[in-house]
Amino acid sequence: MPVGSPRANGNSAAIARRFLAKAEGLNAETRTFELNRLTYRGCQGCYGCKSAADHCVLADDLTQVLEVVKEADVVVYASPVYYGDITAQLKGFMDRTFSYLVPDYETNTQPTRLPPGKNLLFILTQGDPDPEHFADIFPRYEYFLKWGAFAQIRLVRACGVGGEGAADVPPDVLFQAEEVASRFCER
Ligand SMILES: Cc1cc2nc3c(=O)[nH]c(=O)nc-3n(C[C@H](O)[C@H](O)[C@H](O)COP(=O)(O)O)c2cc1C
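Since we're looking at a predicted model, the values are computed, not measured.

Undergrad: How should I be thinking about the overall build of the protein chain in this particular structure?
TA: Summing up its helical and strand segments, the protein chain has five helices and five strands in all. The helix and strand sequence of the protein chain, counted from the amino end, reads β-α-β-α-β-α-β-α-β-α. Relative to a compact globule of 187 residues, whose C-alpha radius of gyration would be 16 Å, the protein chain shows 16 Å and is just as compact. Along the longest, intermediate and shortest principal axes, the C-alpha atoms of the protein chain span 45 × 40 × 30 Å. Looking at the protein chain residue by residue over its 187 residues, the buried ones come to 45%. Counting every atom, the protein chain has about 9,800 Å² of accessible surface; 49% of that belongs to carbon and sulfur. Across the protein chain, 19 positive and 24 negative side-chain charges occur, with their mean positions spaced 3 Å apart.

Spelled out as structure tokens, the structure:
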């Protein structure tokens, strides 16, 4: 679970933690990566993952995260909205997931190196209370996530939650995160 907020106890982390607590209650083994604590570069556009190797050729703190996400049955991406998008921390990770795509991903019926059947939860939080604002973010990323051949992709989103002080996520949003965990992790 890569989390993209610099606020370890912020809103997006609170939603992610609620998902995690439910998942662990269902005996799921979990890993959390606070991207803000890691040292890594954005994708260098070298296409080494399309020629020299079947993985990202950069060696830094994201190497392990990319490997763990590749093997996970369930993946959670969590981020606050910063200037109308996900944070630089999560975007940096997302760009490096280009390495999951096979060289001919644009035409291949199996564009991804990821094992099939994964489920993905996308968590977004924003200060703006109007859900129509920044509603474009998830569909834009979902478009690319479809190359990842995820079985199910779900969004849990909190609007009108500020970035100062403690997390302030409405209970119904936390409940949605639990529901997704039940759906994804119940066997
Ligand atoms: C640099 C920065 C940019 C932000 N940009 C937006 C924005 O474009 N739209 C918005 O609704 N909120 C914006 N916010 C507010 C955060 O998205 C909001 O407080 C969020 O709930 C914080 O999540 P966190 O507690 O997980 O860090 C911004 C906050 C910061 C610090």
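Now that the structure is up, let's keep going.
Undergrad: Would you take a moment to explain the pattern of salt bridges for this structure?
TA: As a working rule, side chains carrying opposite charge can pair if their charged atoms are close by. A full pass over the atoms with the stated rule returns six salt bridges. The partner of Asp85 in a salt bridge is Arg140, with the nearest N and O atoms 3.5 Å apart. Taken together, the residues span a long stretch of sequence, with Asp85 in the loop between β3 (74-80) and α3 (88-96) and Arg140 in helix α4 (residues 137-145) at a distance of 55 residues. Residue class for Arg140 comes out partly exposed when judged on its relative accessible area of 33%. A salt bridge links Arg140 to Asp136; the nearest nitrogen and oxygen atoms lie 3.1 Å apart. Taking relative accessible area as the criterion, Asp136 reaches 38% and is therefore assigned partly exposed. Linked through salt bridges whose partners overlap, the residues forming this network are Asp85, Asp136 and Arg140.

Undergrad: Where do I start with helix α2 (residues 62-71) in this structure?
TA: Side chains three or four residues apart in an α-helix point the same way, a direct result of the helix having 3.6 residues per turn. Within α2, the full set of buried residues consists of Leu62, Val65, Leu66 and Val69. Buried residues of α2, seen end-on, are gathered within an arc of 100° and therefore sit on one face of the element. Projecting away from the buried face of α2 at angles above 90 degrees are the exposed residues Glu67 and Glu71.

Undergrad: Would you take a moment to explain the packing of aromatic side chains for this structure?
TA: Aromatic ring pairs: the centre-centre distance and the angle between the two ring planes describe each pair. For the coordinates displayed, the defined rule picks out ten aromatic pairs. Centre to centre, the rings of Tyr77 and Phe122 are 6.3 Å apart; their planes meet at 75°, and the pair counts as edge-to-face. Placement of the pair is Tyr77 in strand β3 and Phe122 in strand β4 (residues 119-126), with a sequence separation of 45 residues. Taken individually, Tyr77 and Phe122 each receive the classification buried, so the pair is uniform in this respect. With a centroid separation of 5.6 Å and an interplanar angle of 85°, the aromatic rings of Phe98 and Tyr105 are classed as edge-to-face. Ring pairing ties together the aromatic residues Tyr47, Phe98, Tyr105, Tyr143, Phe144 and Trp147, which thus form one cluster.

Undergrad: How should the site of the ligand be read in this particular structure?
TA: Taken together, 18 residues lie around the ligand, and Ser5, Arg7, Asn11, Ser12 and Val81 are the ones closest in. Here an oxygen atom of the ligand sits 2.6 Å away from a polar atom, N or O, in the side chain of Ser12. A total of 640 Å² of accessible area belongs to the ligand in isolation, and the protein chains cover 77% of it. Breaking the shell around the ligand down by element, the ones donating at least two residues are α1 (11-25) and β4. The class makeup of the residues in the shell around the ligand is six nonpolar, ten polar and two charged.

Undergrad: Can you walk me through the side chain of Lys118 in this structure?
TA: Tracing the backbone shows Lys118 in the loop between α3 and β4. For the buried Lys118, no salt bridge is present, and the opposite-charge side chain at shortest range is Asp73, 6.1 Å distant. Polar contacts involving the side chain of Lys118 include one to the main-chain carbonyl oxygen of Val69, which spans 3.0 Å. A distance of 2.5 Å separates a polar side-chain atom of Lys118 from the backbone oxygen of Ala72.

Undergrad: How should I be thinking about empty space enclosed by the protein in this particular structure?
TA: Any empty space left between atoms is shown by rolling a water-sized probe over those atoms. Scanning all chains against the criterion turns up one cavity of 30 Å³ or more. Taken as a whole, the largest cavity spans an internal volume of roughly 90 Å³. Considering the residues around the largest cavity, the lining is formed by 14 residues, among which Cys43, Gln44, Cys46, Cys49 and Cys56 are closest to the centre. A class-by-class count of the residues in the lining of the largest cavity yields eight nonpolar, four polar and two charged.

The rules we used
- Chains are numbered independently. Their residues run from 1 in the order of the written sequence.
- With pLDDT at 70 or above as the cut-off, local features in this predicted model cover only qualifying residues; side-chain atom pairs require 80 or more to be listed or tallied, and sums for whole chains, interfaces and linings still use all residues.
- Only hydrogens and water are set aside; all other atoms, that is, all heavy atoms of the structure, feed into the side-chain values.
- Helix and strand assignments come from DSSP, with helices taken as H or I runs of at least 4 residues and strands as E runs of at least 2, each series counted from the N terminus.
- We compute the radius of gyration over the C-alpha atoms and compare it with the globule rule, which gives 2.2 Å times the number of residues raised to the power 0.38.
- Residue burial is assigned from relative accessible area. The probe radius is 1.4 Å, only protein chains are included, and a residue is buried under 20% of its type maximum, exposed over 50%, and partly exposed in between.
- Each accessible area value is a Shrake-Rupley result obtained with a 1.4 Å probe; residue values ignore everything except the protein chains displayed when judging cover.
- For this count, His and the chain ends are skipped, Lys and Arg are scored as positive, and Asp and Glu as negative.
- For the purpose of locating charges, the reference atoms are NZ of Lys, CZ of Arg, CG of Asp and CD of Glu.
- The term salt bridge refers to a pairing of a side-chain nitrogen on Lys or Arg with a carboxyl oxygen on Asp or Glu at a separation within 4 Å.
- When we speak of the arc, we mean the arc of directions from the helix axis to the C-beta atoms.
- We call Phe, Tyr and Trp rings a pair once their centres come within 6.5 Å, taking the six-membered ring for Trp, and we label the pair stacked below 30 degrees between planes, edge-to-face above 60, and tilted otherwise.
- In this text, near means that some heavy atom of the residue lies within 4 Å of the molecule or strand in question.
- Nitrogen and oxygen atoms within 3.5 Å of one another constitute a polar contact, given that in protein one can donate a hydrogen and the other can accept it, and given that sequence-neighbouring residues count only through two side-chain atoms.
- Just so you know the grouping, Ala, Val, Leu, Ile, Met, Phe, Trp, Tyr, Cys and Pro go in nonpolar, Asp, Glu, Lys and Arg go in charged, and all remaining residues, Gly too, go in polar.
- Whether a set of points on the 1 Å grid over the protein atoms alone is a cavity depends on a 1.4 Å probe fitting there but being unable to get out, while an open set qualifies as a pocket with protein on both sides within 12 Å along at least five of seven lines; lining residues are those with an atom within 4 Å of a point.
- Grid points are joined across faces, edges and corners, and a volume is the space filled by probe spheres set on the points.

It is worth stressing that arrangement in space is one thing and function is another; only the former is reported here.
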